[in-house]
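Take a look at the letters that make up each chain.
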Amino acid sequence: IKWQRNFVQKKPGALDNWVGVKYHINYDVQKDRIALHNFANGYCGISRIEEGKACLCYLTRATNLRNNGGSIPKMEREVLYQNPALEKIFKRAEFLYDEPMVISQVSFLPKRQTEQNMLMLGDSAGLIAPLCGNGMSMALHASVIAFDQLTQYRQGSITYPQMLLAYTTAWHSAFGSRLATGRLVQRLFAVPGLSTAFYATMHRMPWLSRKVIAMTHGQTF
């Protein structure tokens, strides 16, 4: 915000102004499965973590929160409970936080990879939809790309402006199509009717499901 980055100045739309909410819970979750449950204008992921606990995180458009007076508990009752699977989890789980961890103004809009002559890494360079499950890997991969370019600059092979340009080019080559696919899947998954059709299509066409997953994960590095 202090730098007035391009995505901060955009008007609220389908790809920005999301709210993330996280809980740790005691609940019977299969240790080898990540479950995704959708609801109107959002989706919720649940997975097993350490000590037999589970992590429950959901992403919702800020409009859901505003429409419920800014109250997270009310929003959960009025919106998330419309999904019977989520209602069951919320009513039966033991919640281990007194209050959830919350982050607001989450934006999936395209970002610049350099800002104020600095290299952006991880989510600051580009945020992939959480349902794609690849953000941490992208952050590590971007660090490798940055290291390669910084090494060339320190060795005198390229100038600083050339380094900034080379990093941006390499970053887009590695992640551009993955982010575009992630934004498309996010749009589909946040609308119950569309997500149902999307899931049914993926279920009936496993080859297409594998293709979509591959498009959001890239190559090893």
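Placed above this text is the structure.
Rules of the game
- Every chain's residues receive numbers from 1 upward, in the order its sequence appears when written.
- Given that the model is predicted, a residue must reach a pLDDT of at least 70 before its local features are reported, and side-chain atom pairs must reach 80 or more before they are shown or counted; all residues, however, enter totals for whole chains, interfaces and linings.
- Heavy atoms from the whole structure form the basis of all side-chain values; hydrogens and water molecules are not counted.
- Only protein chains enter the accessibility calculation, which uses a 1.4 Å probe. A residue is then buried if its area is under 20% of the maximum for its type, exposed if over 50%, and partly exposed in between.
- In DSSP terms, a helix is any run of H or I states spanning at least four residues, a strand is any run of E spanning at least two, and both are numbered starting from the N terminus.
- What the arc measures is the spread of directions leading from the helix axis to the C-beta atoms.
- The contact criterion used throughout is that any non-hydrogen atoms of two residues lie within 4.5 Å.
- Counting of polar contacts relies on pairs of N or O atoms within 3.5 Å, with two restrictions inside protein: one atom must be capable of donating a hydrogen and the other of accepting it, and residues adjacent in sequence are counted only when both atoms are side-chain atoms.
- When DSSP finds two or more bridges between a pair of strands, those strands are recorded as paired.
- Nonpolar cores were defined as sets of buried Ala, Val, Leu, Ile, Met, Phe, Trp, Tyr and Cys residues, with membership established by side-chain atoms within 4.5 Å.
- Multiplying one less than the number of residues by 1.5 Å gives the expected span of a helix.
- Distance thresholds for patches are 9 Å for like charges and 5 Å for nonpolar side chains (Val, Leu, Ile, Met, Phe, Trp, Tyr), applied to residues having over 30% relative accessible area and no salt bridge.
- Using a 1.4 Å probe, accessible areas were evaluated by the Shrake-Rupley method; residue-level cover was limited to the displayed protein chains.
- Should a side-chain nitrogen of Lys or Arg be within 4 Å of a carboxyl oxygen of Asp or Glu, the pair is scored as a salt bridge.

### A closer look at helix H3 (residues 84-92)
So, point 1. Every buried residue of H3 is accounted for by Leu86, Ile89 and Phe90. The arc enclosing the buried residues of H3, seen along the axis, measures out at 95°, which places them on a common side. H3 presents Pro84, Lys91 and Arg92 as exposed residues on the side facing more than 90 degrees away from its buried surface.
So, point 2. Of the surrounding elements, those touching the buried residues of H3 are strand E1 (18-26), strand E2 (35-39), strand E3 (42-48), strand E4 (54-61), helix H2 (72-78) and strand E5 (94-95).
So, point 3. The N-cap of H3, judged by a side-chain oxygen 2.9 Å from the amide nitrogen of alanine 85 a few residues on, is asparagine 83.

### Overview of the pairing of E4
So, point 1. Here E4 lies mainly inside the structure; seven of its eight residues are buried.
So, point 2. By the bridge criterion, eight bridges tie E1 to E4 in an arrangement that is antiparallel. Its bridge partner being in E4, tryptophan 18 is matched across the sheet by arginine 61.
So, point 3. Summarising the sheet, E3 and E4 pair through seven bridges and their orientation is antiparallel. Counted as the bridge partner of tyrosine 43 is leucine 59 from E4.
So, point 4. What sits between the antiparallel neighbours E3 and E4 is a turn of five residues, in which glutamate 51 has the positive phi angle 60°.

### Brief notes about the nonpolar core
So, point 1. Core analysis: the largest hydrophobic core is formed by 30 residues, its most contacted members being Tyr43, Phe108, Leu119, Leu131, Tyr167, Trp171 and Phe175.
So, point 2. Breaking this core down by element, the ones donating at least two residues are helix H4 (135-154), helix H5 (160-189) and helix H6 (192-204).
So, point 3. In terms of residues, this core owes the most to one element, H5, which gives nine residues.
So, point 4. Listed in part, the 22 residues of the second largest apolar core include Tyr23, Ala54, Ile89 and Phe90.

### A look at H4
So, point 1. In a regular helix each residue adds 1.5 Å, so 20 residues correspond to 28 Å; H4 covers 28 Å between its end C-alpha atoms and thus fits that length.
So, point 2. Turning to H4, its buried residues number three or more, namely Met138, His141, Ala142, Ile145, Ala146 and Gln149. Down the axis of H4, the buried set is contained in an arc of 140°. They therefore lie on one face. Turned more than 90 degrees from where H4 packs its buried face, Met136, Leu140, Phe147 and Arg154 sit exposed.
So, point 3. The inward-facing, buried residues of H4 abut strand E8 (118-119) and H5.
So, point 4. Just downstream of H4 lies glycine 156, where phi reads positive at about 85°.

### Focus on a nonpolar patch on the surface
So, point 1. A grouping of Leu140, Val144 and Phe221 is seen on the molecular surface, where their side chains present a nonpolar patch of about 300 Å² in accessible area.
So, point 2. Since its relative accessible area comes to 51%, phenylalanine 221 is described here as exposed.

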